[in-house]
Amino acid sequence: MQEQKRSFWSYLIIGIKGLLIGAVDWVPGVSGGTIAFITGVYRELLYSIKSISPSLLALLFRGKWGAFWKQLNGWFLLALGCGILTSVFSIAKLLQYLIKAYPVPVWSLFTGLVVAAAIYVLKGLKKWNIWNIVVFLASMVLAIIICKVSPSQTPNDYWFIFLTGAIAICAMLMPGISGAFVMVLMGKYQFILDAISGLYWDVLLAFAAGAVVGVMASSRLLYWLLDRYYSKMVCLMAGFMFGSLEKLWPGNHAELSGNPAFMATIPLFILLGFVLVFGLEFLAAKMKKQTR
């Protein structure tokens with residue numbers, strides 16, 4: 001997909017969509033890929049990423065900057081990327097404060113978001129069969145096992161930060177799976193938030209390098225799997241999300257006993273998570289009708 005001719009205002013709108021994508025990418029349970037789909041940039045983003053190939057890089061090395069930028073759809077990626085990065089660096093500080101000051105409401109909200117997002121993913125499944133059920137149950141059990149055995153503290157070495165970035169970006173590319181949730185599982189969610197807030201560039205560069213490698217190595221495979229084995233991938237994603245509740249439950253992040261006020265907030269914020277996810281689904285449906 002080559003670069004489209006757009007006005008300054010069109011690119012500004014793309015940047016605003018990037019702000020939304022970047023904001024939700026740091027909320028476990030809501031996928032940036034889902035928001036990209038809702039705002040109408042998912043398909044173009046996918047093709048732009050897939051355009052990064054040896055032939056494209058050859059244009060760069062031969063000094064054909066204009067052809068390289070056009071084939072890359074550069075202005076689109078730049079506008080969207082600026083929006084995402086702006087949002088990431090601003091939302092990180094807010095989340096860092098909220099998690100420390102209000103852990104029970106925040107993790108209750110994350111729990112509601114994951115359950116609602118899993119239900120949303122399953123709605124895309126047209127029919128159940130024995131293999132879909134097996135994949136769903138197996139992935140849910142696997143997620144529970146991972147949550148139980150995954151340590152709360154993981155290495156802060158650069159190789160593990162690199163690996164976290166590579167795996168998290170794969171999740172961010174797939175509607176229905178949250179990259180932030182992957183970071184929670186890997187014990188690096190708060191660590192990366194702190195790195196963004198404190199501008200620890202060594203950590204951020206290691207994470208970003210992993211993300212770049214993850215995109216290059218997995219984007220084609222991920223979408224090939226979705227194209228060839230859509231129903232099983234849906235069951236895999238949903239089962240993994242349901243199983244992840246073992247890790248996200250607010251009682252795992254704060255002491256609940258003797259806190260009746262906090263206990264009362266749990267169902268309220270879980271419900272709020274449902275409202276946010278299905279509100280986005282309602283918005284997506286309206287936007288589709290308007291474009292017909």
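These numbers were taken from a predicted model, which means no experiment stands behind them. (Residues numbered from 1 in each chain as written. Predicted model: local features only at pLDDT ≥ 70, side-chain atom pairs only at ≥ 80, totals over all residues. Heavy atoms only, no water.)

Caption draft 1: Inspection of helix α13 (residues 230-243) at higher detail. Here α13 contains 14 residues, and its C-alpha end-to-end distance of 20 Å stays within 8% of the 20 Å for a straight helix at 1.5 Å per residue. Residues of α13 that are buried: Met233, Val234, Cys235, Met237, Ala238, Gly239, Met241 and Gly243. (Helix = DSSP H or I, 4+ residues; strand = E, 2+ residues; numbered from the N terminus. Expected span 1.5 Å × (residues − 1). Buried < 20%, exposed > 50% of the residue type's maximum accessible area, 1.4 Å probe, protein only.)

Caption draft 2: Local environment of the packing of helix α4 (residues 54-61) against helix α5 (residues 65-72). Where α4 meets α5, the closest approach of the two axes is 7 Å, and the angle between their N-to-C directions is 150 degrees. Here α4 is positioned roughly antiparallel relative to α5, judged by the angle of their axes. Read as a crossing pair, α4 and α5 show a hand that is left-handed. From α4, Ser55, Leu56, Leu59 and Leu60 reach across to α5, where they touch Trp65, Ala67, Phe68, Gln71 and Leu72. (Axes fitted to C-alpha atoms, helices over the stretch in contact; angles between N-to-C directions. Parallel < 35°, antiparallel > 145°, perpendicular 65-115°, else oblique. Left-handed = near helix turned anticlockwise from the far one by under 90°. Contact = heavy atoms within 4.5 Å.)

Caption draft 3: Summary view of the environment of Leu94. Within the secondary structure layout, Leu94 lies in helix α6 (residues 74-101). By relative accessible area, which is 45% here, Leu94 ends up partly exposed. Taking the C-alpha atoms as reference points, Leu94 and Ser197, separated by 103 residues in sequence, lie 9.2 Å from one another.

Caption draft 4: Molecular detail of the side chain of Asn132. Here Asn132 is to be found in helix α8 (residues 130-149). Excluding residues within four positions of it along the chain, Asn132 makes contact with Leu125, Lys127, Ser231, Lys232 and Cys235.

Caption draft 5: Up close: the nonpolar core. Among the nonpolar cores identified, the biggest contains 63 residues, and Trp26, Leu80, Trp107, Phe110, Met183, Tyr189 and Ile192 are the most heavily contacted of them. Considering each element in turn, this core owes the most residues, 11 residues, to helix α7 (residues 103-122). Met183 has contacts with Trp26, Thr164, Ala168, Met172, Lys188, Tyr189, Ile192 and Phe207, leaving out every residue within four places of it along the chain. (Core = buried A, V, L, I, M, F, W, Y, C linked by side-chain atoms within 4.5 Å.)

Caption draft 6: Looking closely at the packing of aromatic side chains. For the coordinates displayed, the defined rule picks out 8 aromatic pairs. For the pair Phe136 and Phe242, a centre-to-centre distance of 6.1 Å together with 80 degrees between the ring planes defines the contact as edge-to-face. With Phe136 in helix α8 and Phe242 in helix α13, this pair connects stretches of sequence that are 106 residues apart. For Phe136, a relative accessible area of 13% puts it in the buried group. With a relative accessible area of 24%, Phe242 lands in the partly exposed category. With centroids separated by 5.4 Å and ring planes inclined at 90 degrees, the aromatic side chains of Trp159 and Phe160 adopt a geometry described as edge-to-face. Overall, the relative accessible area of 52% leaves Trp159 in the exposed class. On the accessibility criterion, Phe160 (11% relative accessible area) is buried. Members of the aromatic cluster, each reached through a chain of ring pairs, are Trp107, Phe110 and Tyr189. (Phe/Tyr/Trp six-rings, centres within 6.5 Å; stacked < 30°, edge-to-face > 60°.)

These results come straight from atomic positions and should not be treated as a statement about function.
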